Amino acid sequence: MVEWEEINKTEDEDKLRDVKLWLFKENIRLENERRELEDLNRRILQEKKRLKEENLFFEKKLEILQDGFRKLDEDRQVLERQKRELARERTSYTQNQMKGIGGPVMEETVRTLFRGTNNPLALRKRYRDLVKIFHPDNLFGDEELVQMINREFIRRKKEEA
């Protein structure tokens, strides 16, 4: 510690010069530390701002993801509902076919599918196209309809011969 009263009483210029020099150096040191603290505070504020912006960005991304998952869940539920409806329709269609409902109607439909085939080449092309469409391996293919198409093709082929 510096004894200020003693320094005031002293008339020694060297001592006064030393004290002034020390005060000057101390003032510079304090000024440098103040600047460093201000820089540190500025960096801390910038980092807080960056973290806040990052947090907001993360929350927006999370909200978008949650919305996407919600929509996916809704789409999944709609798809499940459609699958159940399709299964019901398929079961109903199969039961109706087993009961014989639509037998004559199906025969007439098959005849209509072959309407306009006047030569053997057109008949074969129409047959191939129909089998490609209604083959049982296709998603909505129908084995019974393909059998009816086969019978109609054979019948028409015999008529032409």
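Rules behind the numbers
- Residues numbered from 1 in each chain as written.
- Predicted model: local features only at pLDDT ≥ 70, side-chain atom pairs only at ≥ 80, totals over all residues.
- Heavy atoms only, no water.
- Helix = DSSP H or I, 4+ residues; strand = E, 2+ residues; numbered from the N terminus.
- Buried < 20%, exposed > 50% of the residue type's maximum accessible area, 1.4 Å probe, protein only.
- Phe/Tyr/Trp six-rings, centres within 6.5 Å; stacked < 30°, edge-to-face > 60°.
- Contact = heavy atoms within 4.5 Å.
- Expected span 1.5 Å × (residues − 1).
- Arc of directions from axis to C-beta.
- Polar contact = N/O pair within 3.5 Å; in protein donor to acceptor, adjacent residues only side chain to side chain.
- Core = buried A, V, L, I, M, F, W, Y, C linked by side-chain atoms within 4.5 Å.
- pLDDT = per-residue confidence, 0-100.
- Patch = residues over 30% accessible without salt bridge, like charges linked within 9 Å, V, L, I, M, F, W, Y side chains within 5 Å.
- Areas by Shrake-Rupley, 256 points an atom, 1.4 Å probe, with all protein chains shown as cover.
- Salt bridge = Lys/Arg side-chain N within 4 Å of Asp/Glu carboxyl O.
- Lys, Arg positive; Asp, Glu negative; His and termini not counted.
- Charge placed at Lys NZ, Arg CZ, Asp CG, Glu CD.
- Axes fitted to C-alpha atoms, helices over the stretch in contact; angles between N-to-C directions.
- Parallel < 35°, antiparallel > 145°, perpendicular 65-115°, else oblique.
- Nonpolar A, V, L, I, M, F, W, Y, C, P; charged D, E, K, R; others polar.

(A) How the structure looks around the overall build of the protein. Helix and strand counts for the protein stand at five helices and zero strands. In the protein, which comprises 161 residues, the proportion classed as buried is 11%.

(B) Structural view of the packing of aromatic side chains. Considering all chains together, one arrives at one aromatic pair under this definition. When the ring of tyrosine 127 is compared with that of phenylalanine 153, the centres are 4.1 Å apart and the planes differ by 20 degrees; the resulting orientation is stacked. You can see tyrosine 127 sitting in helix α4 (residues 120-134) and its partner phenylalanine 153 sitting in helix α5 (residues 143-160), a full 26 residues away along the chain. Relative accessible area serves as the criterion here: at 22%, tyrosine 127 is assigned to the partly exposed category.

(C) Main features of the side chain of arginine 156. Positionally, arginine 156 belongs in helix α5. Excluding anything up to four places from it in sequence, arginine 156 contacts Arg111, Phe114, Arg115, Thr117 and Leu123.

(D) Representation of α5 within the structure. The terminal C-alpha atoms of α5, which comprises 18 residues, lie 26 Å apart, in line with the 26 Å expected from a rise of 1.5 Å per residue. Within α5, burial applies to Leu145, Val146, Met148, Ile149, Glu152, Phe153 and Arg156. Viewed end-on, α5 has its buried residues packed into an arc of 155 degrees, placing them on one side of the element. Opposite the buried face of α5, at more than 90 degrees from it, the exposed residues are Glu143 and Lys158. Between a side-chain oxygen at the N-terminus of α5 and the backbone nitrogen of glutamate 144 the separation is 3.3 Å; the capping residue is aspartate 142.

(E) Local environment of the side chain of glutamate 152. Assignment of secondary structure puts glutamate 152 in helix α5. A relative accessible area of 3% places glutamate 152 in the buried class. The residues touching glutamate 152, leaving out its near neighbours within four places in the chain, are Val110, Arg111 and Phe114.

(F) Representation of the nonpolar core within the structure. Counting residues in hydrophobic clusters, the biggest one holds ten residues: Met106, Val110, Phe114, Leu123, Leu130, Val131, Leu145, Met148, Ile149 and Phe153. Elements that contribute at least two residues to this core include exactly α3 (103-113), α4 and α5. Among the elements that line this core, the one with the most residues is α5, at four residues.

(G) Representation of the confidence of the model for the protein within the structure. Residues with a pLDDT of 70 or more make up 87% of the protein, whose mean pLDDT is 87. Looking over the protein, one finds the lowest element-wise mean pLDDT in helix α1 (residues 4-9), namely 63, and the highest in α4, namely 92.

(H) Expanded view of a positive patch on the surface. Residues Arg124, Arg128, Lys132 and Lys157 make up a contiguous surface patch of positive charge. Of the residues forming the positive patch, the biggest block, three residues, is contributed by α4. Judged by its relative accessible area of 49%, lysine 157 falls in the partly exposed class.

(I) Region of the structure containing the packing of α4 against α5. Relative to each other, α4 and α5 sit at 175 degrees, their axes nearing to 10 Å. As far as their axial angle goes, α5 and α4 are roughly antiparallel. Here α4 contributes Pro120, Leu123, Arg124, Tyr127, Leu130, Val131 and Phe134 to the contact with α5, which in turn contributes Leu145, Val146, Ile149, Asn150, Phe153, Arg156, Lys157 and Glu160. Considering only residue class, the contact of α4 with α5 consists of ten nonpolar, one polar and four charged.

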